[in-house]
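Report on the structure
The residues making up each chain are set out below.
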Amino acid sequence: MKNLPPFENKMSWGRTLFGLIYLPVHIIVLPLFIPALFFGMGITDLAQINVYYYAFSVMLIVIVFFPYLRANFDPLVDNFFHCLITLFMALGIYYIGNVIINLLVMSLGTLGENPNDQAVTGFAMDSNAFRAAAIFMGPIVEEVLFRGALFGGLRKKSRVLAYVLSIAIFALTHVWQYALVAMDLTILIYVLQYIPVAFALAWAYERTNSIWVPIGMHMIVNAMSLAAADLLAEMV
């Protein structure tokens, strides 16, 4: 294995700026606008609407960030075994952290199942298209925006700030809608459950200089989470 260079975000300044501008659109505007648009067209299947949402987002990301995605193959190929080892280490960090956080949440008093997990698994059981989108499309979009643009854009300025903001915003993204709809801030406790995976994904990116490592890890985590939900459903 070659000597590994220090962290280098290969995203250009212009694409980083676009990513940071598009991030709140992805987090807030599209989740509110797209369902309203399709409801107005008479389409009320939320799983189907989410597939369209994923498809639009991944198409935009691939078009705009293709040079960045292509450049990130080089460190993956040049240091493949290092990237593979880092991937497994990051998965270990995530699963150990996940156990600790879940025990903490349980000690604080559970509110039931995580509403985002419940929604995602429900859609996946009803729609194979949604399952495929959640596993393959979602990670590409989220890793380019959260790790590539947000974490990578801040990393040169402040490593601590890059970790804190990328983790906090990623975690809030998965929970805020449910807290808003229910008008219940206690639902935000589930933000804690996304800290381990957000940290592990950023750490994997920082350690490998390739966005494809956290993309691959994110796909594995989503696939295993849905598989576990399927297994649990069969047992019940």
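Read on for an overview of the structure. Just so you know, these numbers come straight off a predicted model, no measurement behind them.

A word on the nonpolar core
By size, the foremost hydrophobic cluster in this structure holds 49 residues, and its most contacted members are I61, Y68, V144, F151 and M217. Every element with two or more residues in this core is listed here: helix 1 (13-40), helix 2 (46-71), helix 4 (80-108), helix 6 (128-155), helix 7 (159-173), helix 9 (195-208) and helix 10 (212-235). Ranked by residues supplied to this core, first place goes to helix 6 with 9 residues. Residues contacting F151, with those up to four places away along its chain left out, are F7, F146, A162, Y163, S166, A202, Y205 and E206.

Let's talk about the packing of helix 6 against helix 9
Packing of helix 6 against helix 9 brings their axes to within 11 Å, and their N-to-C directions diverge by 65 degrees. Comparing their axes, helix 9 and helix 6 come out roughly perpendicular. The two elements helix 6 and helix 9 meet at a crossing, and its hand is right-handed. For the pair helix 6 and helix 9, contact is made by E143, R147, G148, F151, G152 and R155 and by A198, L201, A202, Y205 and E206, respectively. Partitioned by chemical class, the residues of the contact of helix 6 with helix 9 number 5 nonpolar, 2 polar and 4 charged.

Re unusual backbone geometry
Notably, M183 is not glycine yet its phi reads approximately 50 degrees, a positive angle. Relative to the elements of secondary structure, M183 occurs in the loop between helix 8 (176-182) and helix 9.

Overview of the environment of S166
By the secondary structure assignment, S166 is in helix 7. Looking at S166, the relative accessible area reads 0%, which means it is buried. Sequence separation between S166 and F80 is 86 residues; the distance between their C-alpha atoms is 25 Å. Ignoring sequence-local partners within four residues, the contact set of S166 consists of F146, R147, L150, F151 and L161. From its side chain, S166 meets the backbone oxygen of Y163 in a polar contact 3.2 Å long.

Calculation notes
In this numbering scheme, every chain counts its residues from 1 along its sequence in written order. Where totals are concerned, whole chains, interfaces and linings use all residues; where local detail is concerned, this predicted model gives features only for residues with pLDDT of at least 70, and gives and counts side-chain atom pairs only at 80 or more. As a rule here, side-chain values cover all heavy atoms of the structure and leave hydrogens and water aside. Joining through side-chain atoms within 4.5 Å is the link that ties buried Ala, Val, Leu, Ile, Met, Phe, Trp, Tyr and Cys residues into a set, and such a set is a nonpolar core. Each residue gets one of three labels from its accessible area relative to the maximum for its type: buried under 20%, exposed over 50%, partly exposed in between, using a 1.4 Å probe on protein chains only. Helix and strand assignments come from DSSP, with helices taken as H or I runs of at least 4 residues and strands as E runs of at least 2, each series counted from the N terminus. In what follows, residue pairs with any heavy atoms lying within 4.5 Å of each other are defined as contacts. Every angle, taken between N-to-C directions, lies between 0 and 180 degrees, and every axis is a line fitted to C-alpha atoms, over only the stretch in contact when it is a helix. Any angle between 65 and 115 degrees counts as roughly perpendicular, while under 35 counts as roughly parallel, over 145 as roughly antiparallel, and the rest as oblique. Put simply, a crossing is left-handed when the front helix is turned counterclockwise from the back one by less than a right angle, and right-handed when it is turned clockwise. Ten residue types, Ala, Val, Leu, Ile, Met, Phe, Trp, Tyr, Cys and Pro, are classed as nonpolar, four, Asp, Glu, Lys and Arg, as charged, and the remainder, Gly among them, as polar. Between N or O atoms, a polar contact is any pair within 3.5 Å; within protein, one atom must be a potential hydrogen donor and the other a potential acceptor, and residues adjacent in sequence are included only when both atoms are from side chains.

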